[in-house]
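For reference, the chains in residue letters:
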Amino acid sequence: MLCATVAIGVSAYLFGTALNQGHLTGSLDVLPVATTIGSFSLLLMFERRTSKYSSHINSDHLLTTVPTREVVLGIVLTVLYPVAIPLSFVVAGGAIGFAIATQSPLTVFTLIVAVSGLLILTALLGVALNLLVEFITTRSAHFNKYKKALGVVAFGLCFGLVAIVISGLISSSYLFNWLSVGPAAWFVDLGFAGSPVIQSASVRSMGALIVIVSGAPALVVGATALANRVWRTEPVSIATLHHSRTLIGAGVTERLFAGHVSRPVLTVARKRWLQERRVPLGLIMLSWSAPFLLVVIGPILAVDSVPGVSLVFFAFIGAVGTGFSFGFYPIGTEYLSLPMTLTTLTGEQFIRGELLASNTIGATVTAVGTVVLALGSSLHILESLLIALGSVTLCVCSSSLALSLGMRVSHRDLMPIPLPLTSATIYTEIGRASFVRMGVLLGMLGIVCLPAFGGYLLSFVSVFISMPPALGTQLSIAVVRISSLLMMICLAVGVSILAYRKAVHRFDRYTLS
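A brief structural summary. Please read these numbers as outputs of a predicted model, since none were measured by experiment. (Residues numbered from 1 in each chain as written. Predicted model: local features only at pLDDT ≥ 70, side-chain atom pairs only at ≥ 80, totals over all residues. Heavy atoms only, no water.)

### Concerning the nonpolar core
Logical step 1: Ranked by size, the top nonpolar core spans 44 residues in total, and within it Phe328 and Leu394 carry the most contacts.
Logical step 2: Counting only elements with at least two residues in this core, the list comes to α13 (281–286), α15 (308–327), α18 (347–374), α19 (381–406), α20 (433–461) and α22 (474–508).
Logical step 3: Sort the elements by how many residues they give to this core and α15 lands first, with eleven residues.
Logical step 4: Once you skip the residues sitting within four places of it in the chain, leucine 394 turns out to touch Ala315, Phe316, Ala319, Leu445, Val448, Cys449, Met488 and Ala492.
Logical step 5: Grouped together as the second largest cluster of nonpolar side chains are 29 residues, Val71, Leu121, Ala123 and Leu226 included. (Core = buried A, V, L, I, M, F, W, Y, C linked by side-chain atoms within 4.5 Å. Buried < 20%, exposed > 50% of the residue type's maximum accessible area, 1.4 Å probe, protein only. Helix = DSSP H or I, 4+ residues; strand = E, 2+ residues; numbered from the N terminus. Contact = heavy atoms within 4.5 Å.)

Following this line, the structure appears as structure tokens:
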């Protein structure tokens, strides 16, 4: 610690000397952004540590002898001291070194006040944020069930923000300027308010002081109020979500499919939708196909428009997601009622119900997404609609293949395991068997899409590489694209029929002995 303090002090001294000589002035623009990002990282860390320490508190016993506010302040100190102790030496060394270089003793005081104030406010906000999450958890059964997925949602938002910046929809300079004017950045002006070398904004410095003086008591009061509600209120049980529901009778699905779909098939589909609503296994499985969206974004960034190959890739990814989401675990989702399912339904009824459940959602979303993407493409409207039709056949093919592969799983190989990011339990295989089936499904669906991949990749490459005259004309390229789409649709229909028959056959021959 002593070595680090001395090193920081020397570095701060050299930095102050360079500023005195008029050098490194451009580096000052980075400090507000770095402060904002650093304080946000500390906020997340304090929130996680609060969750860890709060789980060990016996509030029923503790609150009989200690006021709630003292418990909250104790948690704040507990999460703060592992960071505050080492940081205090570093800040003191840096402040002294910088003050000596700039000959401004007042800077020692302003830097310590700024860093200490920002650190305390961040810790208080982290504790209050955790208590707010726990309070919502005690009042909302839905939030209690899915709160573990917040990390995935946050990661998705960050990934989306990075993708937007990379794509140029938001310039990096705009994001840089936005991060440099936030409340956390005001503490940089407060820290250097006593330095004659750096011209800090007096308004922002006063704003930082006001935030410290008024924010700290307000956060203590708010955190105490939330703690009282959390520790003195009985939480809502997740069991309140699972009310009994009829799978037959009037409803939206009855109005849409009545007269077109038999009652057993519709009942299987409604049961599958209800299972997904209660236990979002399909949504978790869908995340496996999300990284493939990069192959959709890449060509778009390369040509500043939506090429046909991106539409084909999107249709393929939507089909993969449809197969992964609904058709991949037919035995696992029916595990608890498997004897009744096998004895009351035929193979055609069960498989058709599963196909209806998967493609009503998966094929619709994929087709609509393809059409929306096609609005930014230069393809003819008929060709765009043909790709949308191909995406529907691919979804049916994917779900048929997934059901055919899933019906091979023996119920004896299934084990109860917790579903990630939720409090639910599912029945699935242990080991690599599921991943092998994923690979087989991806490979077979990739073979079905191979003609369209080849035709549209040829068209996309021709934009950058001069093609021979026989292939370079717009007519021949368009013919190749449309022919490849028709070939893919024919393959998807043929494979769907074969996979459907195989899945029905396996269901009819499935036994529990």
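Still more to cover.
### Observations regarding the packing of aromatic side chains
Logical step 1: All chains considered together, the criterion is met by six aromatic pairs.
Logical step 2: Ring centres of phenylalanine 316 and phenylalanine 453 lie 5.5 Å apart, and the angle between their planes is 70°; on these two criteria the pair is classed as edge-to-face. With a gap of 137 residues between them, phenylalanine 316 in helix α15 and phenylalanine 453 in helix α20 connect regions that are remote in the sequence. By the burial criterion, phenylalanine 316 is buried, and phenylalanine 453 matches it.
Logical step 3: A centroid spacing of 4.2 Å and a plane angle of 15° characterise the contact between tyrosine 335 and tyrosine 427, whose relative ring orientation is stacked. With a gap of 92 residues between them, tyrosine 335 in the loop between α16 (330–333) and α17 (338–344) and tyrosine 427 in strand β2 (residues 425–429) connect regions that are remote in the sequence.
Logical step 4: Each residue in the set Phe313, Phe316 and Phe453 is aromatic and connected to the rest through ring pairs, giving one cluster.
Logical step 5: Against the face of phenylalanine 328 rests arginine 437, its NZ or CZ located 4.5 Å from the ring centre. (Phe/Tyr/Trp six-rings, centres within 6.5 Å; stacked < 30°, edge-to-face > 60°. Lys NZ or Arg CZ within 6 Å of the ring centre and 35° of its normal.)

### Describing the pattern of salt bridges
Logical step 1: Evaluated as defined, the whole model comprises eight salt bridges.
Logical step 2: Across the pair glutamate 354 and arginine 272 runs a salt bridge whose closest N-O atoms are separated by 4.0 Å. Separated by 82 residues along the polypeptide, glutamate 354 in helix α18 and arginine 272 in helix α12 (residues 263–278) bring together distant segments of the chain.
Logical step 3: Residue glutamate 348 is joined to arginine 352 by a salt bridge in which the shortest nitrogen-to-oxygen separation is 3.7 Å. On the criterion of helical spacing, the pair formed by glutamate 348 and arginine 352 is a turn pair, its members being four residues apart in helix α18.
Logical step 4: Overall, the relative accessible area of 43% leaves arginine 352 in the partly exposed class.
Logical step 5: Several salt bridges converge on common partners, so that one network encompasses Arg272, Glu276 and Glu354. (Salt bridge = Lys/Arg side-chain N within 4 Å of Asp/Glu carboxyl O.)

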